[in-house]
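Here are the chains, one letter per residue:
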Amino acid sequence: MTLSLPSEELDAVLKRILYQNTVDVHDGWDTINVHFLENILNIHIRIRRKRLPYLYKTSSLSPPIHERVTVIIKTFERYEQVNKLMDSVNKFYPDMTMIIADDSVHFQKIDKKNVLQYRMPLQAGWFAGKNLLVSQVATEFLLWADDDFVFNEKTKLELFMDKLDNVELGVDLVAGYVGAQKGCGSCLEVGRDKEGPCVTVNRRCNRGPVKGYPQCVHVDRTLNFFLARTQALQETGHDPHFQHIGHTELFLDGYHHLKCICCSDVEVDHVRGTASAFYNKNRNIGGKELRDHHTYVAFKYGTKCLEYI
């Protein structure tokens, strides 16, 4: 668009410029060039389709927490541990729905209050189970918990909700402390040299304090105990190629859009218990399978390495 006008009319014209793109663009930029005498004014325009509301049905405008949160758990051959977790959830949040994805070889049916158990193909894998779980959540938020966690008096999900309900904060995921670990987040640092980019998971790093919440810091990656917006996790997805190893990869997939914080005011116990020899054999991988995993990570993210410090 080119305009040549006397100066006294320029302000009035700029106030009345209407822009409409003639090419279908979902997410992009355009520029209007306004010419006045020997001067050119460039107006840069961001083109993006407006996101429609995504509302979740509840019983009232101020629904109880069990109508807003679903606990999701992936388990494999650890029924002793997952039963302790479910009992602890029912103790502190007796009406909250739990969804279990189970690809155990020695399958056991779970019959507990508020529990939905999905039997997967044998050893379908870690991220395949996560995909199944996230796809079945019908509440606005989901709580991710490993099958060997146990709720305690400090597992206050309402404190997670306080941050997620803060519109000005605008976070997608809030993580808490696990067991004796002091800290729950880290930074993903992407460096580049002549051989290509390398991703470093810096576990001593955070992105600074969260305004209004001195107990929280901004991070790129968290531990496996977090409350998140269901829609944000559904959009991120879980790559089913990651069968036995997969954690950092979720946050790499969400690196460009997931806004995460880590807070010290919510905790959960980590009770590993004993694992069978069969579990250990199938859970702990090495050799060719581990090398194949590293090769796929490098291929998927176009990196030469993924390191932890």
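Just above, that's the structure.
Residues numbered from 1 in each chain as written. Predicted model: local features only at pLDDT ≥ 70, side-chain atom pairs only at ≥ 80, totals over all residues. Heavy atoms only, no water.

> Whenever I open this one, the state of the cysteines confuses me. Can you help?
A covalent bond between the sulfur atoms of two cysteines is what we call a disulfide. The final tally for this structure, using the stated rule, is four disulfides. Here C187 is linked by a disulfide to C205, with a sulfur-sulfur distance of 2.1 Å. On the S-S bond that ties C187 to C205, the torsion sits near -75 degrees, and the link is left-handed. Of the two residues, C187 is situated in strand β9 (residues 185-193) and C205 in the loop between β10 (196-202) and β11 (209-210); the sequence distance between them amounts to 18 residues. Residue C205 is classed as buried on the basis of its relative accessible area, which comes to 16%. With its sulfur 1.7 Å from that of its partner, C198 forms a disulfide with C305. Disulfide C198 to C305: torsion about the S-S bond roughly -120 degrees, handedness left-handed. Here C305 lies in strand β16 (residues 305-308) and C198 lies in strand β10, a separation of 107 residues in the sequence. Of the residues examined, C198 reaches a relative accessible area of 10% and is grouped as buried. In the protein chain, the bonded cysteines, numbered by position in the sequence, are linked as 1-6, 2-4, 3-8, 5-7. Unpaired in this structure, C260 has its nearest cysteine sulfur neighbour in C262, at a distance of 10 Å. Classification of C260 as buried rests on a relative accessible area of 2%. (Disulfide = S-S within 2.5 Å. Helix = DSSP H or I, 4+ residues; strand = E, 2+ residues; numbered from the N terminus. Buried < 20%, exposed > 50% of the residue type's maximum accessible area, 1.4 Å probe, protein only.)

> Would you take a moment to explain the packing of aromatic side chains for this structure?
Where two aromatic rings form a pair, the distance of their centres and the angle of their planes describe that pair. For the structure on display, the rule yields ten aromatic pairs. Their ring planes at 90 degrees and their centres at 6.3 Å tell us that F149 and F225 sit as a pair that is edge-to-face. In this pair, F149 sits in strand β7 (residues 149-150) while F225 sits in the loop between β13 (221-222) and β14 (226-229), placing the two residues 76 residues apart along the sequence. Accessibility classification places F149 together with F225 in one group, the buried group. In textbook terms, an aromatic cluster arises when at least three aromatic residues are bridged by ring pairs, as seen for F127, F242, Y296 and F299. Taking the ring centre of W144 as reference, the NZ or CZ of K130 above it sits at 4.5 Å. (Phe/Tyr/Trp six-rings, centres within 6.5 Å; stacked < 30°, edge-to-face > 60°. Lys NZ or Arg CZ within 6 Å of the ring centre and 35° of its normal.)

> I keep staring at helix α3 (residues 126-136) and nothing clicks. Help me out?
The complete set of buried residues in α3 reads W126, F127, A128, G129, K130, L133 and V134. Considering only its buried residues, α3 is in contact with β3 (69-75), β4 (97-102), β6 (141-144), α5 (230-236) and α6 (248-253). (Contact = heavy atoms within 4.5 Å.)

Any functional reading would require information beyond the geometric quantities listed.
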